[in-house]
Structure formats: structure tokens, C-alpha cells
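Architecture and fold: a report
Here is how the chains run, residue by residue.
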Amino acid sequence: MKTGGVKLRKLLTVSNNCLTNPVSYCNGLVCLSLVVSHRRLIKIVNPSRRQTLITYPPIKLVQSIKGHGFGFDSLTKEYKVVCIVKELECPLVYTLGTNSSWREITDPYPLSIPIRNRKYAKSAVSCNGALYWRCDNPLLMLSFDLHDEKFQYIEVPVECDWTEHIWVHYLEYKGYLCFARLEKFGSQNCKVHMHMLKDKIKQIWIKETFVVPFRCDHDTHIMCFCD
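Calculation criteria
- Counting of residues starts from 1 at the beginning of each chain's written sequence and follows it residue by residue.
- Residue-level local features of this predicted model are given only where pLDDT is at least 70; pairs of side-chain atoms are given and counted only at 80 or more, and the full residue set underlies all totals for whole chains, interfaces and linings.
- To obtain the side-chain values, all non-hydrogen atoms of the structure were included, while hydrogens and water were left out.
- Aromatic pairing here means that ring centres of Phe, Tyr or Trp (its six-membered ring) are within 6.5 Å. Orientation follows from the plane angle: under 30 degrees is stacked, over 60 is edge-to-face, and everything else is tilted.
- Classification of residues uses two cut-offs on accessible area relative to the type maximum, computed with a 1.4 Å probe and protein chains only: under 20% is buried, over 50% is exposed, and between them is partly exposed.
- Charge over a ring is defined by NZ of Lys or CZ of Arg lying within 6 Å of the ring centre and within 35 degrees of the ring normal.
- A helix here means a DSSP run of H or I that spans at least four residues, while a strand means a run of E at least two residues long, and both kinds are numbered starting from the N terminus.

Let's shift gears to the packing of aromatic side chains. Under the defined criterion, the tally for this structure stands at six aromatic pairs. Seen in terms of ring centroids, phenylalanine 70 and tyrosine 79 are 5.8 Å apart; in terms of plane orientation they differ by 15°. Their pairing is stacked. Accessibility expressed as a relative area gives 0% for phenylalanine 70, which makes it buried. Accessibility expressed as a relative area gives 19% for tyrosine 79, which makes it buried. Ring pairing ties together the aromatic residues Phe70, Phe72 and Tyr79, which thus form one cluster. The residue whose ring lies beneath arginine 39 is tyrosine 56, and the NZ or CZ to ring-centre distance is 3.9 Å.

What you tend to see is this: most non-glycine residues have negative phi, and most peptide bonds are trans. Even without a glycine there, the phi angle at asparagine 27 is positive, about 50°. When you line up the elements, asparagine 27 lands in the loop between β3 (19-26) and β4 (29-36).

Given below as C-alpha cells:
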């Protein structure tokens, strides 16, 4: 695969003996979490400029990463990496820039760490200056404001309970956190219900519904592409 003549495969290549997990994609930057030679590292790649940044979070291999995320603070124009570690009371944050270093923030986790204990649930959805993780409670999301560096619970619409509807997907859509729910499986006119979080503070959701002119099955996934 190429972007602007750049070979992404070469930039993102890692050795066969390392463990790699995608963290996020933001404004053309790709963030990966790796374990290489018994050491954790975060790798951020800018394919258009052929640049790679590697940083080593102070996390031991015996410690468990419950969640991680990568996003952009539009107020300070800074990119941040966040790691939530089970054995630590506060998350670790790394701000890209000159003389950057990992630090613990002062805001502790709300109650216990509620993030879903599944590999696919570790990566946060990044949108509009915040990171969002799915929780053990199917009607809650955990958000982290990248500017204020504060946690908040977000109540999810009942229609988006993923324990009742396995075909519910969460993603970034039009700059908002969105739950996409499919309906009318097996027909040629599948309905897609988009539940968007319009106001994070007041927790106001709006719903858009449209019909796609093709057949949807239970393993159909919804993804969005940015400009």
C-alpha cells in the first residue's frame, strides 16, 4: 500500500518476534504499541513525511495495559498518547514535542478501571479532543478529555447495548463518537442507525438513519474514512 508514494508496509514493518497492537490513527499519524526484546515501546509513524518516533513508557512487562489511546488536543495543538495500566492509580500520558517525557496525571481513575477486558477493546476511539473506551457496563463509555486530562462516564443509548445487539459498532463519525447499529439483515436494503454524541458535557445524543443498497450479514462491520 502506498500513500503519496510512501510505502506504508516498510514504515510499519516490525520484526516477527515482537508483539504489536494498534493504538489509533489520528490526522494521518499511526500509533502502535509494541513489545520488543522484553521491553514495551510506543511507535508513532508519519507516512507522508517518512518519519518515525519511538518512546518507551515506564511500564513493566508484568504490568497489564487495560487501555491505550492516541489523539489530538486542538486547543494546544498537541498530540498525546495515553496508557491506562491496571497496577497504577493514575494513567500515563506522553505529549509529543521537544523534551517530552511520560508522566502520571493527577486525576485518578473513576472507581475501578472499567474498560472491557478484551484485546479489541483496549484501543480508544479518538474524536473531538477526547478518547473513548468501551466499559464492562454495556451502557457506559469511559471518556478522557485530552485538554483537561479528566475522566468522565458517558451514558450510552439503550438501543446501543452491545450485549443485546452484537452488530453494534462504535467509531468516529463526523467528528463525534458514534454507535452504528445495523437492522434488516439478509435484505437488499439494510438500515444503518447512527447514534452520535453531539454534546459530551450534557450527554446529548442524536440519531440518523439511512438505507444502504446492499445486503448486510451479521458479520458486516462499519468503518469510516477521513479526508
